[in-house]
Amino acid sequence: MENRTASVERVTKETKIRMTLNLDGTGKSDIHTGIGFFDHMLDGFARHGFFDLSVSVDGDLDVDGHHTIEDTGIVLGTAIREAVGDKQGIRRYGDRILPMDETLVLSAVDLCGRPYLSFQTEFTREKVGEMETEMVKEFFYAVSYAAQMNLHIKVLDGGNNHHIIEAMFKAFAKALDEATSFDPRIAGVLSTKGSL
């Protein structure tokens, strides 16, 4: 089976983004967004989901990180949707409860073709590194809508903001890896409607 890959380029007055995503990779990444902590989170997403991910962003960081982070989410969601393709034979659903020291995060994914984000946490810091914590929700919102997936992220326990955000990215990666994986028992798409 050929690797499921997508290359997406998005250019606006605020950001220029190039991304390549391979759902059937080994966790290799080459990520340059200009925001160090965000790069670290995307690297964790790639490594723990076994996705090969290349990201290059030229954003208006002289304004702030909002456009860079949100637009990267749009491009990642688009790449996921394109790489998944017709969804023939995939599990469609994936979930993970992931621990990271004192933190415990739940992530659940449904590649149903309907965008929805449920995001439950509260941060106690304005920033981690140079990434504004309020942008974490905006990123996952952008991913869920561009990918046309249901995405639930819920912090069950936690205190350290770095750990909470990192556990979110890793839990999402593990849930997405499961949802995009193949099950030989599935003929066509996993839906009572016959399509997703």
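Residues numbered from 1 in each chain as written. Predicted model: local features only at pLDDT ≥ 70, side-chain atom pairs only at ≥ 80, totals over all residues. Heavy atoms only, no water.

Caption draft 1: Representation of the packing of helix α1 (residues 36-49) against helix α2 (residues 66-84) within the structure. Two elements in contact, α1 and α2, have axes whose closest approach is 12 Å; the angle formed by their N-to-C orientations is 20°. Taken as axis vectors, α1 and α2 run roughly parallel relative to one another. Crossing of α1 against α2: the hand is right-handed. Contact with α1, carried on its side by F38, L42 and F45, involves T68, I69, T72 and L76 of α2 and no other residues of that element. Taken together, the residues of the contact of α1 with α2 break down into five nonpolar, two polar and no charged. (Axes fitted to C-alpha atoms, helices over the stretch in contact; angles between N-to-C directions. Helix = DSSP H or I, 4+ residues; strand = E, 2+ residues; numbered from the N terminus. Parallel < 35°, antiparallel > 145°, perpendicular 65-115°, else oblique. Left-handed = near helix turned anticlockwise from the far one by under 90°. Contact = heavy atoms within 4.5 Å. Nonpolar A, V, L, I, M, F, W, Y, C, P; charged D, E, K, R; others polar.)

Caption draft 2: Main features of a nonpolar patch on the surface. Taken together, the side chains of Y116, Y141 and Y145 present a nonpolar region at the surface, about 320 Å² in accessible area. Examined against the element boundaries, Y116 turns out to sit in strand β7 (residues 116-120). (Patch = residues over 30% accessible without salt bridge, like charges linked within 9 Å, V, L, I, M, F, W, Y side chains within 5 Å. Areas by Shrake-Rupley, 256 points an atom, 1.4 Å probe, with all protein chains shown as cover. Salt bridge = Lys/Arg side-chain N within 4 Å of Asp/Glu carboxyl O.)

Caption draft 3: Region of the structure containing the pattern of salt bridges. In this structure the tally under the stated criterion is eight salt bridges. The shortest N-O distance in the salt bridge between K127 and E130 comes to 3.7 Å. K127 gets classed as partly exposed once you look at its relative accessible area, which sits at 31%. Given a relative accessible area of 57%, E130 falls into the exposed group. (Buried < 20%, exposed > 50% of the residue type's maximum accessible area, 1.4 Å probe, protein only.)

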